[in-house]
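Examining the three-dimensional arrangement
Listed below, chain by chain, are the residues.
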Amino acid sequence: MYISARADYALRAMLAVADAAGTTGDPAAGGELVKAASLAESQDIPLSFLQGILLDLRRAGLLHSHRGTEGGYALTRPPDEISVGDVLRAVGGAITSVRGIPADRAGYHGVATGLRDVWLAVDGAIALVVDRTTLADLLSDRATAP
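Read on for a plain summary of the structure. Owing to the predicted nature of the structure, the values given are computational and were not obtained by experimental measurement.

Along the chain, the regular secondary structure elements total 6 helices and 4 strands. Reading the chain from its N terminus to its C terminus gives the helix and strand order α-α-α-β-β-α-β-β-α-α. Dimensions of the chain, computed from C-alpha atoms along their principal axes, come out at roughly 60 × 35 × 25 Å. The buried share among the 146 residues of the chain stands at 34%. Put simply, 62% of the contacts in the chain that link residues at least 6 apart link residues at least 24 apart. Surface exposure of the chain reaches about 8300 Å², of which carbon and sulfur atoms provide 54%. Computing the positive centroid from 13 side-chain charges and the negative centroid from 17, the chain places the two 8 Å apart.

Here's what the structure looks like:
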């Protein structure tokens, strides 16, 4: 598995939005809307690159965007209901790819036939970790770190 800058930035942005919104993820419940420029600055992400990432996250149903001078971004669900896998898939598609295609679509013949099973096992192991790890888990890990 290769973690692209886009995937890393997306997770950092989602964690910053989740942190600003508090435990509920809902700005109406006392959390804040986070502006793209603020996210870019706090996470050291180029703003123009971040705007495309935020659009992907919004299209995937992970973020709401609110327009206007008081606008910004908020999570669509609480942080404990958004997994790392959700974010990775929103910005990058398949979790594991082989030669640029999803692992489940990789085809082999002859002596290499068994490779497909290996790639599927790798994909399953990675998915197990990223789908069980939520934004809330990552935020709570930070809070309990020495």
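That shown, we press on.
Counting residues in each nonpolar core, the largest one holds 33 residues, and the members touching the most others are M14, L39, L54, L57, L63, L75 and V87. Those elements that provide at least two residues to this core are α1 (5-21), α2 (36-43), α3 (47-59), β2 (72-75), α4 (84-92), α5 (115-132) and α6 (135-144). It is α1 that provides the largest number of residues to this core, a total of 10 residues. Dropping the residues within four chain positions of it, V87 is found in contact with A10, L11, M14, L57, L62 and I82.

Turning to the pattern of salt bridges, a few remarks are in order. When the charged atoms of two side chains with opposite charge come close together, those side chains can pair. On inspection of all chains with the given rule, the structure shows 4 salt bridges. Between R89 and D131 there is a salt bridge, with the nearest N and O atoms lying 2.7 Å from each other. Residue R89 is found in helix α4, and its partner D131 is found in helix α5; the two are separated by 42 residues along the sequence. Owing to a relative accessible area of 33%, R89 belongs among the partly exposed residues under this scheme.

Calculation rules
Residues numbered from 1 in each chain as written. Predicted model: local features only at pLDDT ≥ 70, side-chain atom pairs only at ≥ 80, totals over all residues. Heavy atoms only, no water. Helix = DSSP H or I, 4+ residues; strand = E, 2+ residues; numbered from the N terminus. Buried < 20%, exposed > 50% of the residue type's maximum accessible area, 1.4 Å probe, protein only. Contact = heavy atoms within 4.5 Å. Areas by Shrake-Rupley, 256 points an atom, 1.4 Å probe, with all protein chains shown as cover. Lys, Arg positive; Asp, Glu negative; His and termini not counted. Charge placed at Lys NZ, Arg CZ, Asp CG, Glu CD. Core = buried A, V, L, I, M, F, W, Y, C linked by side-chain atoms within 4.5 Å. Salt bridge = Lys/Arg side-chain N within 4 Å of Asp/Glu carboxyl O.

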